[in-house]
Amino acid sequence: MSETILPAPAATPAARRRAGLPQLVLLLAGSCMSVLGAVLIAPVLPRMTDHFAGTPGAGVLVPVVLTVPALLIGLTAPFAGFVADAVDRKRLLIAAMVAYALFGTAPLYLASLGAIIASRALVGLCEAAIMTCCTTLIGDYWTGARRSRYIGLQTLVASLSATVFLGLGGALGAAGWRTPFWLYAAAALLAVPMALLLWQPARRRTRTGQRLPALPWRHLLVPCLVTLAGGVVFYALIVELSFVLTDAGVGSTATIGGLSAVMSLATAVAAGSFAKLSRHSPRRLLPVAFGLAAAGFGIVAATGSVPAITIGAVLTGAGTGLLLPTLLTWALNRLTFDQRGRGTGVWTGALFIGEFLAPVLITGVGAATGGLRPALGLLGVAAAALAVGSVLVVPRDAEALDVTRD
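Residues numbered from 1 in each chain as written. Predicted model: local features only at pLDDT ≥ 70, side-chain atom pairs only at ≥ 80, totals over all residues. Heavy atoms only, no water.

Secondary structure summary: the chain contains 15 helices and zero strands in total. A compact globule built from 406 residues would reach a C-alpha radius of gyration of about 22 Å, and the chain, at 21 Å, matches this within 12%. The principal-axis extent of the C-alpha atoms belonging to the chain is close to 70 × 50 × 35 Å. Long-range contacts, defined here as pairs at least 24 residues apart, represent 86% of the contacts in the chain between residues at least 6 apart. Here the chain has roughly 16800 Å² of accessible surface; of this, 71% comes from carbon and sulfur atoms. Computing the positive centroid from 28 side-chain charges and the negative centroid from 14, the chain places the two 7 Å apart. (Helix = DSSP H or I, 4+ residues; strand = E, 2+ residues; numbered from the N terminus. Rg over C-alpha atoms; globule rule 2.2 N^0.38 Å. Contact = heavy atoms within 4.5 Å. Areas by Shrake-Rupley, 256 points an atom, 1.4 Å probe, with all protein chains shown as cover. Lys, Arg positive; Asp, Glu negative; His and termini not counted. Charge placed at Lys NZ, Arg CZ, Asp CG, Glu CD.)

Generally speaking, a soluble globular protein has its nonpolar side chains buried in company with each other. Leu 27, Leu 93, Met 97 and Tyr 100 are the most contacted members of the largest nonpolar core, which totals 114 residues. Element by element, the count of residues in this core is highest for helix H6 (residues 113-141), at 13 residues. (Core = buried A, V, L, I, M, F, W, Y, C linked by side-chain atoms within 4.5 Å. Buried < 20%, exposed > 50% of the residue type's maximum accessible area, 1.4 Å probe, protein only.)

Enumeration according to the criterion identifies five salt bridges in this entry. One salt bridge in this structure joins Asp 85 and Arg 342, with 2.9 Å as the shortest N-O distance. In this pair, Asp 85 is assigned in helix H4 (residues 58-86) and Arg 342 in helix H14 (residues 337-369), connecting sequence segments 257 residues apart. Of the two residues, Asp 85 and Arg 342, neither departs from the other in class, the shared state being buried. When the shortest N-O distance is used, the salt bridge between Asp 140 and Arg 340 registers 2.4 Å. With a gap of 200 residues between them, Asp 140 in helix H6 and Arg 340 in helix H14 connect regions that are remote in the sequence. Note on Asp 140: relative accessible area 5%, which makes it buried. Judged by its relative accessible area of 1%, Arg 340 falls in the buried class. A cluster of three or more residues bridged by salt bridges with shared partners is formed by Asp 85, Arg 89, Asp 140, Arg 340 and Arg 342. (Salt bridge = Lys/Arg side-chain N within 4 Å of Asp/Glu carboxyl O.)

On to the packing of aromatic side chains, then. Throughout the structure, instances matching the rule amount to seven aromatic pairs. Each ring, one from Trp 177 and one from Phe 181, has its centre 6.4 Å from the other, and the planes form 85 degrees; the classification is edge-to-face. Through successive ring pairs, a cluster of aromatic residues spans Phe 52, Tyr 100, Trp 177, Phe 181 and Tyr 184. Here the basic side chain of Arg 89 rests over the ring of Phe 337, its NZ or CZ set 4.1 Å away from the ring centre. (Phe/Tyr/Trp six-rings, centres within 6.5 Å; stacked < 30°, edge-to-face > 60°. Lys NZ or Arg CZ within 6 Å of the ring centre and 35° of its normal.)

Moving on to helix H1 (residues 21-31). All of the buried residues in H1 are Gln 23, Leu 24, Leu 26, Leu 27, Leu 28, Gly 30 and Ser 31. On the buried face of H1, the contacting elements are helix H2 (33-39), helix H5 (89-104), H6, helix H7 (144-173) and helix H8 (186-197).

In this section: the packing of helix H9 (residues 217-247) against helix H13 (residues 306-332). The contact between H9 and H13 brings their axes to 10 Å, and the two run at 155 degrees. Put simply, H9 runs roughly antiparallel to H13. In the packing of H9 onto H13, the handedness of the crossing is left-handed. Contacts between H9 and H13 involve Leu 220, Val 222, Pro 223, Val 226, Thr 227, Gly 230, Val 233, Phe 234, Leu 237, Leu 241, Val 244 and Leu 245 from the first element and Val 306, Ile 309, Ala 313, Thr 316, Thr 320, Leu 323, Leu 324, Leu 327, Trp 330 and Ala 331 from the second. For the contact of H9 with H13, a count of residues per class yields 18 nonpolar, four polar and no charged. (Axes fitted to C-alpha atoms, helices over the stretch in contact; angles between N-to-C directions. Parallel < 35°, antiparallel > 145°, perpendicular 65-115°, else oblique. Left-handed = near helix turned anticlockwise from the far one by under 90°. Nonpolar A, V, L, I, M, F, W, Y, C, P; charged D, E, K, R; others polar.)

Mapped onto the fold, Ser 34 is located in helix H2. There is a polar contact of 3.5 Å between the side chain of Ser 34 and the backbone oxygen of Ser 31. Ignoring anything within four residues of it in the chain, the contact list for Ser 34 reads Ile 73, Glu 127, Met 131 and Phe 352. (Polar contact = N/O pair within 3.5 Å; in protein donor to acceptor, adjacent residues only side chain to side chain.)

A few words on the environment of Gly 364. By secondary structure assignment, the location of Gly 364 is in helix H14. For the pair Gly 364 and Ala 58, spaced 306 residues apart in the sequence, the C-alpha separation amounts to 21 Å.

Before going further, it helps to spend a moment on the packing of H14 against helix H15 (residues 372-393). Think of two packed helices as two axes; the pair is described by the angle between the axes and how far apart they sit. Contact geometry for H14 and H15: axes closest at 7 Å, N-to-C directions at 115 degrees. Classified by the angle their axes make, H14 and H15 are roughly perpendicular. Between H14 and H15 lies a crossing of right-handed hand. Seen from H14, the contacting residues are Ile 362, Val 365, Gly 366 and Thr 369; seen from H15, they are Leu 372, Pro 374, Ala 375, Leu 376, Leu 378 and Leu 379.

This paragraph deals with a nonpolar patch on the surface. Where nonpolar side chains cluster on the molecular surface, the patch consists of Trp 217, Leu 221, Leu 225, Leu 228, Leu 357 and Leu 361 and spans about 520 Å² of accessible area. If you list the elements that add at least two residues to the nonpolar patch, you get H9 and H14. Top contributing element to the nonpolar patch by residue count: H9, with four residues. Secondary-structure assignment places Trp 217 in helix H9. In this structure Trp 217 comes out as partly exposed when scored by relative accessible area, which is 44%. (Patch = residues over 30% accessible without salt bridge, like charges linked within 9 Å, V, L, I, M, F, W, Y side chains within 5 Å.)

Taking 1.5 Å per residue, 33 residues should reach 48 Å; H14 reaches 47 Å between its end C-alpha atoms and fits that length. Of all bends in H14, the biggest is about 35 degrees, found at Leu 357, and the proline Pro 359 comes one to four residues later. Note on H14: the residue one or two positions beyond its end, Gly 370, has a positive phi of about 105 degrees. (Expected span 1.5 Å × (residues − 1). Bend = angle between axes of the 7 residues up to and from the residue.)

Mapped onto the elements of the fold, Thr 135 is located in helix H6. When neighbours within four sequence positions are excluded, Thr 135 is seen to be in contact with Gln 154, Leu 328, Leu 332 and Thr 344.

Written out as structure tokens, the structure is:
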């Protein structure tokens, strides 16, 4: 027997429970968990390599400890999005935060490299759920210009946190390569206020057991394909800048870290500007974002001058800082409440698969073209092609960046 359920009062913007600063802070902090997983242990990889020197293939396997979570995010985020839509965003988020703390701290006591890699894969699974739920709840709680501003703020905070986590990882790593893994316990502490202050938005179902509405693939597929390419553009120089600077004669790790932080700052500033720029269509913003990245890659590829490389890195960082919130807003604003979790999961998966592929593609292209700089030059050409192509693939009806369909 079917059961009719009237829309809850929270279903309309005027009557629904209003989110404020506490909810925003918690969702932004949760969004930083994937950044924590991506960069925290980077400074201690050499020590890990030395520790597991007797393990066959340690030189290849130790870097996998850092990169395997991104692959798992890319593969499992769409499934996390399905659970978020079908079951409950909040419960999935809390469970994932607690599991993240458990699996993230596991290398503190695991003895084998294989077991550590397995725990890192489970960390990536948790990160997929955390990222999907945090981004989906930002889309649920806020609309209009505020939603666009907070999506840009999400990228800004993630960019700044990367710099902080790199510094913390290096400082804690001085006490031993296992020490930085203690920071993963912070997720369990965050889960407590999340359980108290976040809520599951009201559903708008008409019949018990009704299936979830299908995703609008006609509107979602192109943004996700562009995001897949955008993930490569976004992550390429994050991974490769230290090698470029080393080839240019920079031997100080402090200098390399400082110049990397400058690029991260440019990413953060551009992401922060998205709130004001979001009144413009993705049709206008994407060519600018990809164009800046293309110019930056071109400069980095063309010169061995450290000041010029820095300028190129800043341009690339500015382009990618504008790129991610534009792509995310383009993908999400056509989705209803019951589609938003799955749509966010598919978008997140596309982004992280692109990030995972970035160093693989650059290594392969570099081997075929004669080195890192030619590979980055070709990536600049590809980014320029994406700048031109985005004018063709972004529909004119995407002019309205705030199509709210809750």
